[in-house]
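Next come the chains, spelled out residue by residue.
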Amino acid sequence: MSAEFELCPGRKIGGSNPCFIIAEIGQNHQGDIEIAKKMIRMAKDCGADCAKFQKSEIEHRFTKQALERPYTSPHAWGPTYGAHKHHLEFSHQQYRELQQYASEVGIFFTASGMDEMAVEFLHEINVPFFKVASADTNNIPYLEKTAKKGRPMVISSGMQSMETMRCVYQTVKKHNPNFTFLQCTSAYPLPLEHVNLSLIPEFQKEFPDIPIGYSGHETGIHVSVAAVALGAKVLERHVTLDKSWKGSDHSASLEPAELAELVKAIRTVEMAMGSPIKQMLPCEASCHSKLGKSVVARKPLQKGQTLTLDMLTVKVAEPHGMRPENIFKLVGKKITVDLEKDATITDAIIQD
């Protein structure tokens, strides 16, 4: 069982705690704070645990040349990449407004800090945990500074090798025990053959003392439900109000009905996971009463006879008696009463 820790106030992950579901709004808000608020409300109404955004301090995240390059994508919000990114970036005051709105709605609020200065701001506004995007997972100086702040961390693994993730584990563990890795493949939308859910148990074996989760960019909900069945303790999925909107993430995002169905399916699967202890359950009593078999006499037997295997058989009997798996233990025992054919063999008629 993986270690558990409090990811958000009053909400633990790992162990037997339910999967923590993050609705990744990212920049699917189109740069409109009112749309962002609608998405926060939507995430809450659909049953997600957390609404998450992506925060950048643009001049710290990108070089001048990167911001000045022409951006001709059909998803562009400006003629240059810088203009595009500025259109989608909320101000500090807007983030505080969104955080307050999430608090009023009753859903946890955080963001991926896309650069070190963004992490400083998120720390300042007291987000419950830091999300580390895949692009920063091998950014060791960033990881160290973020880990030292002491907040829980959710770290995606897209574009990384297991060797790199071992390095990340050692780096973060030195400063902060409360973190989780998410299996992730950075493609939008993600082809099913590259999801690699088999890495969830591999991560669990490699890092048994931390919870493991899944960040999915595939279409639909089935893969994400399977990830939870495999033991994912955190699930992150991009969400949108409309997949047809401009923006490269929308096609790999879940619309409200899909998100609601995903949450419902996950909670159903969690209930169905049940107990690892195999035993007859009270709900099986009725079926056992009607169909459960017992050891009976294959033929008439006389008091004092020593039982052999050919004297015994297994049938649905009334009353119930010795369980079939114990038939061999009866061989060599003596009976204390006469028995008719098909009479039930019970403990009471076996001589000690």
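Scroll up a little and you will see the structure.
Residues numbered from 1 in each chain as written. Predicted model: local features only at pLDDT ≥ 70, side-chain atom pairs only at ≥ 80, totals over all residues. Heavy atoms only, no water.

> It is not clear to me how the overall build of the protein chain should be interpreted in this structure. Could you clarify?
Secondary structure assignment for the protein chain yields 13 helices and 12 strands. Its C-alpha atoms give the protein chain a radius of gyration of 29 Å, clearly above 20 Å, the size a compact globule of 352 residues would have. Taken along the three principal axes of its C-alpha coordinates, the protein chain extends 100 × 40 × 40 Å. When the 352 residues of the protein chain are sorted by exposure, 47% land in the buried category. A sequence separation of at least 24 residues applies to 65% of the contacts in the protein chain between residues at least 6 apart. If you sum the accessible surface of the protein chain, you get close to 17,100 Å²; carbon and sulfur atoms cover 53% of it. Averaging the locations of the 40 positively and 41 negatively charged side chains of the protein chain gives two centres separated by 5 Å. (Helix = DSSP H or I, 4+ residues; strand = E, 2+ residues; numbered from the N terminus. Rg over C-alpha atoms; globule rule 2.2 N^0.38 Å. Buried < 20%, exposed > 50% of the residue type's maximum accessible area, 1.4 Å probe, protein only. Contact = heavy atoms within 4.5 Å. Areas by Shrake-Rupley, 256 points an atom, 1.4 Å probe, with all protein chains shown as cover. Lys, Arg positive; Asp, Glu negative; His and termini not counted. Charge placed at Lys NZ, Arg CZ, Asp CG, Glu CD.)

> Please clarify how the nonpolar core should be interpreted in this entry.
Counting 65 residues, the largest nonpolar core has F53, M153, F181 and Y214 as its most contacted members. Top element by residues in this core is helix α1 (residues 33-45). It accounts for seven residues. If we ignore the near neighbours within four places in the chain, the residues touching M153 are F130, V132, L143, T146, A147, V172, N176, N178, F179 and T180. (Core = buried A, V, L, I, M, F, W, Y, C linked by side-chain atoms within 4.5 Å.)

> Looking at this model, I keep getting lost on the packing of aromatic side chains. Mind explaining?
Enumeration according to the criterion identifies 15 aromatic pairs in this entry. An angle of 85° between the planes, with centres 6.1 Å apart, marks the rings of Y95 and F121 as edge-to-face. Here the residue Y95 occupies a position in helix α5 (residues 92-105), and F121 occupies one in helix α6 (residues 116-124), the gap between them amounting to 26 residues. Considered together, Y95 and F121 belong to a single accessibility category, that of buried residues. Taken together, the ring pairs in this structure connect F53, F90, Y95, F109 and F121 into an aromatic cluster. If you follow R69 out to its NZ or CZ, it ends over the ring of Y81, 4.4 Å from the centre. Of note, K246 hangs over the ring of W77, and the distance from its end group to the ring centre comes to 4.0 Å. (Phe/Tyr/Trp six-rings, centres within 6.5 Å; stacked < 30°, edge-to-face > 60°. Lys NZ or Arg CZ within 6 Å of the ring centre and 35° of its normal.)

> What's the story with the side chain of K55 in this structure? I'm lost.
In this structure, K55 sits in strand β4 (residues 50-55). Relative accessible area serves as the criterion here: at 2%, K55 is assigned to the buried category. Engagement of the side chain of K55 in a polar contact is seen with the side chain of E89, the distance being 3.1 Å. Apart from residues lying up to four places away in sequence, K55 is in contact with E89, F90, H92, Y95, A111, S112, G113, M114, D115, A118, F121 and L122. (Polar contact = N/O pair within 3.5 Å; in protein donor to acceptor, adjacent residues only side chain to side chain.)

> Honestly, the pattern of salt bridges in this entry has me stumped. Any pointers?
Where charged atoms from two side chains of opposite charge approach closely, those side chains can pair. As enumerated under the stated definition, the model contains 22 salt bridges in all. Among the ionic pairs, K145 bridges to E116, the shortest N-O distance being 2.9 Å. Within this pair, whereas K145 is found in helix α7 (residues 140-148), its partner E116 is found in helix α6, the two being separated by 29 residues in sequence. On the accessibility criterion, K145 (47% relative accessible area) is partly exposed. Under the relative-accessibility criterion, E116 is labelled partly exposed at 30%. For K243, the salt bridge goes to E258, with nearest N and O atoms at 3.0 Å. In this pair, K243 is assigned in the loop between β10 (234-238) and α11 (256-273) and E258 in helix α11, connecting sequence segments 15 residues apart. Overall, the relative accessible area of 28% leaves K243 in the partly exposed class. (Salt bridge = Lys/Arg side-chain N within 4 Å of Asp/Glu carboxyl O.)

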